[in-house]
Amino acid sequence: MKKRILSMLLSASLVLSMTACGADNTESTDSVQEAAAGESEADIYEKKHVTVDGTAFKVDGKELWINGVNTPWQNWNDFGGNFDESFWDSHFAELHDAGVNASRIWVNCNGMSIVRLKSDGTVQAVDEDHWTDLDKLFELAEKHDIYIMATLLSFDHFKDGNTGSDRFRLMVSDDTATQSYIDSYVIPFVQRYGSSPSLWSIDLMNEPDWVYENAECGKVGWDKLGNFFAKCSAAIHENSDELVTVGLGMVKYNSDKYEGNYVSDEYLKSLGGENAYLDFYSTHYYFWQNSYMGYPFEQSPESFGLDGTKPCVIGEAAVLSESGRTPEQDYENAYNNGWNGVMAWTSNGVDNCGSLDDLMPAVTKMRDMIKDKLFPLE
């Protein structure tokens, strides 16, 4: 059933891609070019779509290593806000030229400008401009061979003083409200973009650790957050072939070595059934964690505390760190120690943690060292 749905969506995607190229069709995406050469859009999707094989990512049967970045936003709440198409076009081109193959993007940063909630936490509406802007984003990602990890929520939604924070806390705590979010946003998202080979994965929430720990974010229990992740991941797996993760702020809640693995298969399936699971782990790391949990780049995922059952990506780590190590050392060490990728924060310098200029020696070194694993179809 999923394959038939994908085939229908892919046909529609081809029409949209050809229309977006303009009347003279001088600027075609890779998919259109390959389709013109005789491959169907469904064939292209199957070839480029990222899958999991044991503890590795695969593309067309070949290993993929995530030489990644975070480009979380250019303008806060870009998609349905102040979307700058020319920035994303040029930045994706710059990333690809540097050897970057993936970017983590917050498609919804905070508040209710994108997903508007009623007082009971159920969804009132999703802004139509959000979809229009994301359509363009995925076209540009495919044009430049960039895989997107789409982050749907952040702890920012839950913070005191943020528009609708009380409603977002209700949304993840009440089954009816959670189901409304799934039906109104999560499923439409994967049905709309599940046909794009550039959608590598969906990150259900950025750093829910702070929603659990911090009073300003509501101190929502792991039973509620876990139930939310379980139901969302099950819905994605039942309606698409997309990979799912959660961008935990620290390994503390992703490991039985510490407080417990609150996103393990066992825990999520106990809440949401057999389709409730993450496809890979994407724990974040900043140097303030070092005295508590060690330095992940110089350890295997297992010795760092992950369970060894899935691919493991360092989903955020500052480009500029107090560690004394360089990004070049960290990326290479992560690869040699069995991590499946690193996604530095950030490629576009949204704060004081560095930018692509600082990261360039690391990503270009990986490009030169393992290009066959970064762009396995080239």
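These notes cover the structure that comes with them. (Residues numbered from 1 in each chain as written. Predicted model: local features only at pLDDT ≥ 70, side-chain atom pairs only at ≥ 80, totals over all residues. Heavy atoms only, no water.)

With respect to empty space enclosed by the protein
For the structure shown, the criterion picks out one cavity of 30 Å³ or more. At the level of elements, β13 (314-318), α13 (327-336) and β14 (341-345) are the ones that each hand at least two residues to the lining of the largest cavity. Top element by residues in the lining of the largest cavity is α13. It accounts for three residues. Here the residues of the lining of the largest cavity are counted per class, giving nine nonpolar, three polar and two charged. (1 Å grid on protein atoms, 1.4 Å probe; cavity = no way out; pocket = protein on both sides within 12 Å on 5 of 7 lines; lining within 4 Å. Points joined across faces, edges and corners; volume = space filled by probe spheres on them. Helix = DSSP H or I, 4+ residues; strand = E, 2+ residues; numbered from the N terminus. Nonpolar A, V, L, I, M, F, W, Y, C, P; charged D, E, K, R; others polar.)

Quick word on the pattern of salt bridges
Should their charged atoms come close, side chains of opposite charge can pair. Under the defined criterion, the tally for this structure stands at 17 salt bridges. Across the salt bridge formed by Lys 143 and Asp 89, the nearest N and O atoms sit 3.2 Å from each other. Note that Lys 143 is positioned in helix α5 (residues 128-143) and Asp 89 in helix α4 (residues 85-98), a separation of 54 residues in sequence. Lys 269 serves as the salt-bridge partner of Glu 274, at 3.5 Å between the closest nitrogen and oxygen. (Salt bridge = Lys/Arg side-chain N within 4 Å of Asp/Glu carboxyl O.)

Here's the deal with helix α9 (residues 222-239)
An ideal rise of 1.5 Å per residue puts 26 Å on 18 residues; α9 measures up with 25 Å between its terminal C-alpha atoms. Judged by how many residues are buried, α9 sits mostly within the fold: 13 of 18 residues are covered. (Expected span 1.5 Å × (residues − 1). Buried < 20%, exposed > 50% of the residue type's maximum accessible area, 1.4 Å probe, protein only.)

Quick look at the pairing of strand β9 (residues 199-206)
Of all eight residues in β9, eight are buried, a share of seventy percent or more. Bridging between strand β8 (residues 147-151) and β9 involves four bridges; their strand directions are parallel. Bridging across to β9, Ala 150 finds its partner in Ile 202. Pairing between β9 and strand β10 (residues 243-247): four bridges, direction parallel. Each residue of the ladder has a partner; that of Asn 206, found in β10, is Gly 247. (Pairing = 2+ DSSP bridges.)

Let's talk about the nonpolar core
Counting 94 residues, the largest nonpolar core has Tyr 181, Phe 189 and Phe 229 as the members making the most contacts within it. Looking at this core element by element, the count peaks at nine residues for α9. Other than its neighbours up to four places away in sequence, Tyr 181 contacts Val 123, Leu 152, Leu 153, Met 171, Val 186, Phe 228 and Cys 232. Listed in part, the 13 residues of the second largest apolar core include Leu 64, Ala 102, Met 149 and Phe 280. (Core = buried A, V, L, I, M, F, W, Y, C linked by side-chain atoms within 4.5 Å. Contact = heavy atoms within 4.5 Å.)

Section: the sheet that holds strand β1 (residues 50-53)
Sheet strands pair by backbone hydrogen bonding; their relative direction is either parallel or antiparallel. In space, the three strands of this open sheet follow the order β1-β2-β3, with antiparallel pairing throughout. The sheet terminates laterally at β1 and β3 (62-64), the two strands that pair on one side only. Each adjacent strand pair in this sheet contributes to an overall mean axis angle of 50°, direction not counted. With three bridges joining them, strand β2 (residues 56-59) and β3 adopt antiparallel strand pairing. Following the sheet pairing, Phe 57 is matched in β3 by Leu 64. (Axes fitted to C-alpha atoms, helices over the stretch in contact; angles between N-to-C directions.)

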